[in-house]
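# Tertiary structure, described
Now for the letters of each chain:
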Amino acid sequence: MRVLGIDPGTAITGWGVVEQEFGEQDLILINYGAIHTPAKMPLPQRLKIIYNDLTELISQHEPDASAIEVLFFSKNVRTAMSVGHGRGVAMLALVNADLPIAEYKPVEIKLAIAGYGAADKQQMQRMVQMLLNLDDIPRPDDAADAIAIAICHLHSARMKSLVGNW
């Protein structure tokens, strides 16, 4: 299964494509990166960039499924709204490509990757590096987060298939 993980945002949208062969343990990092939009650009144009870039990535990498982080409401309403715009456009690109979309809360992602729901960013990044047997931690942070989301989905899908066959 090939999964496109997305860490949504308006300024930066992280993405990562991770694959796992059925019945195999090894995870394979296919590609990752981040979509950057100019801060002074009007919001509609920024959202268009995110949509177009994600549509191109989906076409290029042909994922079987997608996973995206659930919006975490913080005290900063402006930040939450901005992330919400980016998340909505990302979900539109995914649904228009007929991809199944799984949504995960930050605590679920942390549990799946680090085994600890309150893991910090550095712990998460090191676990991503270790799980994928990488020489370096993927950068930027948003891309590493997106990779973690994809891995979370692969672990979840694997567990569901095991439980379903039990």
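Below or above, wherever it landed, is the structure these notes cover. (Residues numbered from 1 in each chain as written. Predicted model: local features only at pLDDT ≥ 70, side-chain atom pairs only at ≥ 80, totals over all residues. Heavy atoms only, no water.)

Our next topic: the pairing of strand E1 (residues 2-7). Burial runs high along E1: 6 of the 6 residues are buried. Burial along E1 is two-sided: Arg-2, Leu-4 and Ile-6 facing one way and Val-3, Gly-5 and Asp-7 facing the other are all buried. Sheet topology places E1 next to strand E2 (residues 12-19); 6 bridges connect them, and they run antiparallel. Paired with Ile-6 across the strands is Trp-15, a residue of E2. Hairpin connection of E1 to E2: 4 residues between the antiparallel strands. Here E1 runs beside strand E4 (residues 65-69); their pairing, made up of 4 bridges, is parallel. Within E4, the position partnered with Val-3 by the bridge is Ala-65. (Buried < 20%, exposed > 50% of the residue type's maximum accessible area, 1.4 Å probe, protein only. Helix = DSSP H or I, 4+ residues; strand = E, 2+ residues; numbered from the N terminus. Pairing = 2+ DSSP bridges.)

On the basis of which strands lie adjacent, the open sheet formed by 5 strands has the order E3-E2-E1-E4-E5 and mixed pairing. Each end of this open sheet is capped by a strand with a single partner; those strands are strand E3 (28-36) and strand E5 (101-104). Each strand of the sheet is rotated relative to its neighbour by a mean of 20°, with strand direction disregarded. Against the sheet, helix H3 (residues 106-114) contacts E4 and E5, and its axis sits at roughly 90° relative to E5. (Axes fitted to C-alpha atoms, helices over the stretch in contact; angles between N-to-C directions. Contact = heavy atoms within 4.5 Å.)

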